[in-house]
Amino acid sequence: MRGNDEQQGTVFSYVSAEQRIAADHPLRRIRVLTDEALHGLSAEFDGLYAAGGRPSIAPERLLRALLLQVLYSRRSERWLMEEMDYNLLFRWFVGVEIDDEVWDVTVFTKNRERLIAGEVAQKFFVAVLKQARAWGLLSDEHFTVDGTMIEAWANRRSFVEKKEPPARGTGAQGRKLLRDTHVSKTDPEARLYRRSQAAESRPSYLGHVITENRNGLAVAACVTQSSAKAEREAALAMLGQVSDGRRRITLGADKGSQEREFLQQLRMRQVVPHVAEYAVATKTWQKGLRSEEREDPGFAQSQKKRKRVEQVFGWVKQTAGLRQTKFRGRKRVEWMFQLAVAALNLRRMQRLLPVAG
């Protein structure tokens, strides 16, 4: 018998959004991990908001919505809110009831600076990492570091000469570089940078990540201004989040980290450098590894694991849309970069954790 195509609107619905989400949907496990991390940040949120006044949109909901934006590659917050209005999956994950009105997109703009000032993205990243460590998903001995270029929301033509350039530059022997004499009118913190001699110089920042070698989870992430030394300087800074310098660990890296001063700094921190070497030493790039480091049984394994950190950058640029950032200023770019890396950790943990019986 043919069914009736009547389209009369239903007055009441007795099926909740919770019931409509498949029991094995990936977002269910991600929601549990996210809520646990946000619960640990409750005291931090209390310090960011006034004790009285009109209640704002809960920061937990804002962060869940931003995680959806990253996980589902929504290029803008306006598009995200338009979809949340009719997408029951999004409403369920964020915690918005079916009959509730979604908030205006400007809520993100008004609250972002508050959350950035409170370093919420970094603290959320650490809270997620704490859960991964509790589940035994992290290696505490073997790591990999690398950096990637993030194109800034600026154009080469936006760079103009500084009105008051410094008397001494930041180059060798005080030589003035382009970053000392010119600045972008669009994003003053962005710098012209190129990854190789054959590449074009572009306004950019550098994103840095340290991954552990067991499951490829990111254990540290930051963003710096672009420079030739930024990757090595960021690696040393992030190592403080990974190791206390009392136990021996290994660190894999590419040939760009083959610098004697950097290698010496690693050894002082009880870090065994598993850094790729050039086939032939030159005046610019010498072979700085010791024979025992080069012949270490784990050296080849560390080099194989280097692809894990490249997978992080690929996901962050392709899925999270950070090939070119839409934010201006290093702190804003870092905020989104750390949130995207935390989202990737959640995605990987969802796959790695055992299915609840």
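To be clear, the structure that these remarks concern was listed above.
The text that follows walks through the structure, step by step, so that each part is easy to find. Fair warning: this is a prediction, and the values are worked out from it, not measured in the lab. (Residues numbered from 1 in each chain as written. Predicted model: local features only at pLDDT ≥ 70, side-chain atom pairs only at ≥ 80, totals over all residues. Heavy atoms only, no water.)

Observations regarding the side chain of arginine 28
Its place among the elements puts arginine 28 in helix α2 (residues 26-40). Polar side-chain contacts of arginine 28 include one of 2.7 Å to the side chain of glutamate 18. Beyond its immediate sequence surroundings of up to four residues, arginine 28 is in contact with Glu18, Ile21, Ala22, Ala23 and Trp92. (Helix = DSSP H or I, 4+ residues; strand = E, 2+ residues; numbered from the N terminus. Polar contact = N/O pair within 3.5 Å; in protein donor to acceptor, adjacent residues only side chain to side chain. Contact = heavy atoms within 4.5 Å.)

Overview of the packing of aromatic side chains
The tally for this structure, following the rule as stated, stands at three aromatic pairs. Of note, arginine 114 hangs over the ring of tyrosine 49, and the distance from its end group to the ring centre comes to 4.2 Å. (Phe/Tyr/Trp six-rings, centres within 6.5 Å; stacked < 30°, edge-to-face > 60°. Lys NZ or Arg CZ within 6 Å of the ring centre and 35° of its normal.)

Quick word on the pattern of salt bridges
The final tally for this structure, using the stated rule, is 15 salt bridges. Arginine 267 serves as the salt-bridge partner of glutamate 293, at 2.8 Å between the closest nitrogen and oxygen. Here arginine 267 lies in helix α11 (residues 260-268) and glutamate 293 lies in helix α12 (residues 291-294), a separation of 26 residues in the sequence. Taken individually, glutamate 293 and arginine 267 each receive the classification buried, so the pair is uniform in this respect. Counted as one network, the salt bridges with shared partners bring together Arg31, Asp35 and Arg64. (Salt bridge = Lys/Arg side-chain N within 4 Å of Asp/Glu carboxyl O. Buried < 20%, exposed > 50% of the residue type's maximum accessible area, 1.4 Å probe, protein only.)

Here we look at the environment of leucine 33
When you line up the elements, leucine 33 lands in helix α2. Note: C-alpha distance between leucine 33 and arginine 114 (81 residues apart in sequence) is 24 Å.

Points about unusual backbone geometry
Trans peptide bonds make up the majority, and among non-glycine residues the majority have a negative phi. Non-glycine residue glutamate 119 carries a positive phi angle of around 50°. For glutamine 270, which is not glycine, the phi dihedral falls at a positive 65°. Counting through the fold element by element, glutamine 270 comes out in the loop between α11 and β8 (271-275).

Side note on the pairing of strand β5 (residues 202-212)
Within β5, ten of the eleven residues are buried, leaving the element largely enclosed by the surrounding structure. Pairing analysis gives nine bridges linking strand β1 (residues 142-151) to β5, with the strands arranged antiparallel. Within the sheet, the bridge partner assigned to isoleucine 150 lies in β5 and is tyrosine 205. Relative to β5, strand β4 (residues 191-193) runs antiparallel, the two being bridged by three bridges. (Pairing = 2+ DSSP bridges.)

What about the pairing of strand β6 (residues 218-225)?
Judged by how many residues are buried, β6 sits mostly within the fold: seven of eight residues are covered. As paired strands, β5 and β6 are joined by seven bridges and run antiparallel to one another. Within the sheet, the bridge partner assigned to threonine 211 lies in β6 and is alanine 218. Connecting β5 to the next strand, β6, in antiparallel fashion are five residues, including glycine 216 with a positive phi near 75°.

Let's talk about the nonpolar core
Core analysis: the largest hydrophobic core is formed by 96 residues, its most contacted members being Trp103, Phe108, Phe124, Val209, Ile210, Trp335 and Phe337. Among the elements that line this core, the one with the most residues is helix α15 (residues 330-352), at twelve residues. Here tryptophan 103 is in contact with Ile57, Arg61, Leu62, Ala65, Met81, Val94, Val96 and Phe108, once residues within four sequence places are set aside. (Core = buried A, V, L, I, M, F, W, Y, C linked by side-chain atoms within 4.5 Å.)

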